[in-house]
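Coordinate inspection notes
Here are the chains, one letter per residue:
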Amino acid sequence: MSASENLIYTTAPAADAWIELGALDDLFDDGQCYGTIINGLKIGLFYIDGEVFCVDDICTHGNALLSEGDLEGYEIECPLHAGAFDVRDGKALCSPLLKDTRVHNVRIDDGVVFVQLAA
Ligand code: FES
């Protein structure tokens, strides 16, 4: 499912708010990657070994959605030029990437995923 298919929170959430995204099973019913939009910010979520990690979905190198890339271990490969990020800390791992990406906090309560956006 692409980010454009999921649109929540068209107004700004309060700073430090935990935003409910939905049930874990629903978000990742067809894969380990999920993209959504919160108040215009595209975020990508990645479900790996029972944990969910969240980073900015737009690649720091160009206009591509990481949630539409290939996930291998903790590395997400951008679908446009194959740059890769570590979804745990947002580190850019290879060229052509020159800039890390932002990481957002994720919490899972009773199978429901919440995200807290980075400042
Ligand atoms: Fe992501 Fe170029 S747009 S590596």
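Data block above holds the structure.
Here's a quick rundown of the structure.

This part takes up the overall build of the protein. Per the secondary structure count, the protein includes 1 helix and 10 strands. Ordering the α and β elements of the protein from the N terminus gives β-β-α-β-β-β-β-β-β-β-β. The C-alpha atoms of the protein give a radius of gyration of 13 Å, which matches the 14 Å a tight globule of 119 residues would have. Principal-axis analysis of the C-alpha atoms places the extent of the protein at approximately 35 × 30 × 25 Å. Sequence-distant contacts, at least 24 apart, represent 45% of the contacts inside the protein between residues at least 6 apart.

Relative to strand β4 (residues 41–48), strand β3 (residues 33–38) runs antiparallel, the two being bridged by 6 bridges. Paired with I37 across the strands is K42, a residue of β4. Hairpin geometry of β3 and β4 is characterised by an intervening segment of 2 residues between the two adjacent antiparallel strands and by a positive phi of about 50 degrees at N39. Direction of pairing for β4 relative to strand β5 (residues 51–56): antiparallel, over a ladder of 6 bridges. Counted as the bridge partner of G44 is V55 from β5. What sits between the antiparallel neighbours β4 and β5 is a turn of 2 residues, in which D49 has the positive phi angle 50 degrees.

This next bit is on the environment of L45. Among the secondary structure elements, L45 is positioned in strand β4. Spatially, the C-alpha atoms of L45 and H104 are 9.3 Å apart, while their sequence positions differ by 59 residues. Setting aside chain neighbours within four positions, we find L45 in contact with L27, Y34, V52 and C54.

With that settled, the discussion passes to the sheet that holds strand β7 (residues 75–77). Read from one edge to the other, the open sheet built from 3 strands follows the order β6-β7-β8, with strand pairing classed as antiparallel. The open sheet has two free edges, formed respectively by β6 (70–72) and β8 (84–86), since each of these has just one partner strand. Each neighbouring strand pair of the sheet contributes to a mean axis angle of 25 degrees, computed without reference to strand direction.

This paragraph deals with the nonpolar core. Residues L45, F46, C54 and I76 are the most contacted members of the largest nonpolar core, which totals 24 residues. At the level of secondary structure, the elements contributing two or more residues to this core comprise β3, β4, β5, β8 and β10 (112–116). Considering each element in turn, this core owes the most residues, 4 residues, to β5. With residues near it in sequence (within four places) discarded, C54 still touches I43, G44, L45, V103, H104, V106 and V115.

Next up on the list: the environment of G50. Within the secondary structure, G50 sits in the loop between β4 and β5. With 45 residues separating them in the primary sequence, G50 and S95 have C-alpha atoms 29 Å apart.

A word on the environment of I19. As for its placement among the helices and strands, I19 is situated in strand β2 (residues 19–23). The class for I19 is partly exposed, based on 18 C-beta atoms found within 10 Å. Between the alpha carbons of I19 and I38 there is a distance of 8.9 Å; along the sequence they are 19 residues apart.

Criteria and cut-off values
Residues numbered from 1 in each chain as written. Predicted model: local features only at pLDDT ≥ 70, side-chain atom pairs only at ≥ 80, totals over all residues. Helix = DSSP H or I, 4+ residues; strand = E, 2+ residues; numbered from the N terminus. Rg over C-alpha atoms; globule rule 2.2 N^0.38 Å. Contact = placed C-beta atoms within 7 Å. Pairing = 2+ DSSP bridges. Axes fitted to C-alpha atoms, helices over the stretch in contact; angles between N-to-C directions. Core = buried A, V, L, I, M, F, W, Y, C linked by C-beta atoms within 7 Å. Buried ≥ 20, exposed ≤ 12 C-beta atoms within 10 Å, placed from the backbone.

Read these as layout, nothing more, since geometry by itself doesn't imply function.
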